[in-house]
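Each chain is listed here by its residues.
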Amino acid sequence: MSLIDDLQRLGIAYHFDEEIQALSSQCFNFKSGKDDLFGTSLCFRLLRQQGHNASIDMFLKFKDNNGRFKEELSKDLRGLQSLYEASYMGVEGEELLSEAMEFSKHNLQASMDWLQPSLAKQVGMSLAFPTPRIMEKFEARRYIENWKQDLRKNSEIIELATLDFNSVQSLYQREIIELKRWWRELGLAHKLPFARDRPLECFLWTVGIFPEPNYSECRIEVAKAVAILLVLDDVYDSYGSLDELILFTEAIQRWDIAGIDHLPEYMKICYMALYNSINETSYKVLKNHGWCIIPELTKQWQKICEAFLVEARWFCNNHVPKLDDYLNNGITTAGTYMALVYGFYLIGKQVTKESADLVNDAPKLFYNSGRILRLWDDLGTAKDEQERGDVASSIEICKKENGFISEDDARNGVRGLIDQTWKDLNKELIGLSPLGQSLIKVSLNLARTSQLIYQHGDDEKAPSIEDSIHSLLIEPIHYS
Ligand SMILES: CC(C)=CCC/C(C)=C/COP(=O)(O)OP(=O)(O)O
């Protein structure tokens, strides 16, 4: 189990998918000793990560007669770390795992006083960024670098992981060249100087969502779509007048390139960039898999523009929506459904009439993943957006709905909503979704990537986007 865990954290598990699948069902038969907190917690987490519904009853043996975690476990550092990570795999109603999180967090924090500094730092890192919540490539780099300091560990595995990280990174760099060339030729940033010009940031998103090397096309196509989304977001949030936005939204609903003469010049450029981009992505899917998905992709963009217009109207009317209305709309404007629908067709596995109907109709899996994206987006960017003038974010709404509580309390409330939503997302992982494990993993990755991208705006100790771009896309890991 430790080997499987190592391979997954090092980012090389995809080379051993079949072996891991075969071995993970054997974890069900794992009989841990009565005080083996490490093994039990690891077994539980691995099973749930692989989509098996492991029972929380395996933790009952660690409780005393009063129903609390046994005090003698409080010095078992390795066991506590493993329990802490396992506690992130819980679903609604699993109180035992919430207690496990409290117990392990409290004791790990206390241990940092007596641990030697480098170990205390590692414990602090895993408390702040628990494995089930962080982006795969970020974890791989962190784990490889920590591993190198531990001379007892197997040097062949680390050599493979380093080689893999660097060679996949050079693939990413070739993809970035293609993306940047497309972006330059498209010329949106040049024509529309008010709009965000951040192709690398868009690419970081898609590395987070589709990290495996065979997903090149997904990374490039979805990064292109996100780059256009950012431009449209700026048109709706800051540049366009309400009348222009209504005209544009109606033109998008008609989806007729012949009917855009009446739009302002800058909107014609946006319209045609989007139009061509949908056609080009659909062409790739047609070529690779044989499905013409222009109507499906168009529908996603029509919904995004409608939702952008709803936000623009709220802003113009000084309207503060209810939290649920805000989130439902904000999940769409953040591009969640669009990115995941693109992923579904570009990956092209398990595409059946049943799964396609489900995917095109905003499934719960996508909703929960997008809810985490929207909430993290607000934690990370709401301050700037409020200063610039934007629709009330979930933080302002939480303040208002709870009797005008403080900013800190509202932020805590939003973090609580994220934790709650993760439980719903974990449920998708262990339920038998017809969408298949690849798409479930992609959706979980979207939620994890949101945290990496936005956490810095909530907690300055978290890496900034520039730091992540540098360490994941630019700087190789040095052999030593
Ligand atoms: C892969 C995906 C789906 C990436 C999403 C990119 C994103 C959240 C754009 C909205 O940014 P923003 O912070 O400016 O949004 P808003 O103005 O809506 O708050």
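Worth saying up front: this structure is predicted, and the values here are computed from it rather than measured.

Caption draft 1: Representation of the nonpolar core in the model. Counting 155 residues, the largest nonpolar core has Leu10, Leu232, Phe248, Tyr271, Trp301 and Tyr342 as the members making the most contacts within it. Looking at which element gives the most residues to this core, the answer is helix 11 (residues 216-239), with 13 residues. In contact with Leu10, not counting residues within four places along its chain, are Ala140, Tyr143, Ile144, Trp147, Ile157, Ile158 and Ala161.

Caption draft 2: Broad picture of the site of the ligand. Near the ligand, the surroundings consist of 15 residues, among which Arg196, Asp233, Asp237, Arg374 and Asp377 are the closest. Interatomic distance of 2.9 Å between a side-chain N/O atom of Arg196 and an oxygen atom of the ligand. For the shell around the ligand, the secondary structure elements donating two or more residues are helix 10 (199-209), helix 11 and helix 18 (364-388). A breakdown of the residues in the shell around the ligand according to their chemical character gives seven nonpolar, two polar and six charged.

Caption draft 3: Examining helix 6 (residues 117-128) more closely. The end-to-end C-alpha distance of helix 6 is 16 Å, a good match for the 16 Å that twelve residues give at a rise of 1.5 Å each. Listed in full, the buried residues belonging to helix 6 are Ala120, Val123, Ser126 and Leu127. Buried residues along helix 6 cover an arc of 125° about the axis, so they all sit on one side. Opposite its buried face, helix 6 presents the exposed residues Pro117 and Lys121, each directed more than 90 degrees away. Where helix 6 is buried, its residues touch helix 4 (77-86), helix 5 (95-111) and helix 7 (136-148).

Caption draft 4: Structural view of the confidence of the model for the chain. When pLDDT is averaged along the chain, the result is 93; 98% of the residues meet or exceed 70. For the chain, per-element mean pLDDT is lowest for helix 2 (residues 17-26), which scores 85, and highest for helix 10, which scores 98. For this predicted complex, the interface score ipTM comes out at 0.95, while the overall pTM is 0.95.

Caption draft 5: Examining the environment of Asn53 more closely. For Asn53, the location among the structural elements is in the loop between helix 3 (37-49) and helix 4. On the accessibility criterion, Asn53 (52% relative accessible area) is exposed.

Caption draft 6: Highlighting unusual backbone geometry. A positive phi is found at Asn318, a non-glycine position, where the angle reads about 55°. At Gln350, a position not held by glycine, the phi torsion is positive, near 55°.

Caption draft 7: Just helix 5, in detail. The end-to-end C-alpha distance of helix 5, which contains 17 residues, comes to 24 Å, matching closely the 24 Å that a straight helix rising 1.5 Å per residue would cover. Within helix 5 the residues assigned to the buried category are Leu96, Leu97, Ala100, Phe103, Ser104, Asn107, Leu108 and Ser111. Projection of helix 5 onto a plane perpendicular to its axis shows the buried side chains occupying an angular sector of 125°, all on one side. Pointing more than 90 degrees away from the buried face of helix 5 are the exposed residues Glu102 and His106. Against helix 3, helix 4 and helix 6 lie the buried residues of helix 5.

Caption draft 8: Structural context of the environment of Arg374. Tracing the sequence through the fold places Arg374 in helix 18. Between the C-alpha atom of Arg374 and that of Cys202, which follows or precedes it by 172 residues, the distance is 16 Å. Beyond its immediate stretch of four places on either side in the chain, Arg374 contacts Tyr326, Leu327, Gly330, Ile331, Thr333 and Ala334. Side-chain polar atoms of Arg374 contact the side chain of Thr333, separated by 3.2 Å.

About the cut-offs
- Residues numbered from 1 in each chain as written.
- Predicted model: local features only at pLDDT ≥ 70, side-chain atom pairs only at ≥ 80, totals over all residues.
- Heavy atoms only, no water.
- Core = buried A, V, L, I, M, F, W, Y, C linked by side-chain atoms within 4.5 Å.
- Buried < 20%, exposed > 50% of the residue type's maximum accessible area, 1.4 Å probe, protein only.
- Helix = DSSP H or I, 4+ residues; strand = E, 2+ residues; numbered from the N terminus.
- Contact = heavy atoms within 4.5 Å.
- Near = heavy atom within 4 Å.
- Polar contact = N/O pair within 3.5 Å; in protein donor to acceptor, adjacent residues only side chain to side chain.
- Nonpolar A, V, L, I, M, F, W, Y, C, P; charged D, E, K, R; others polar.
- Expected span 1.5 Å × (residues − 1).
- Arc of directions from axis to C-beta.
- pLDDT = per-residue confidence, 0-100.

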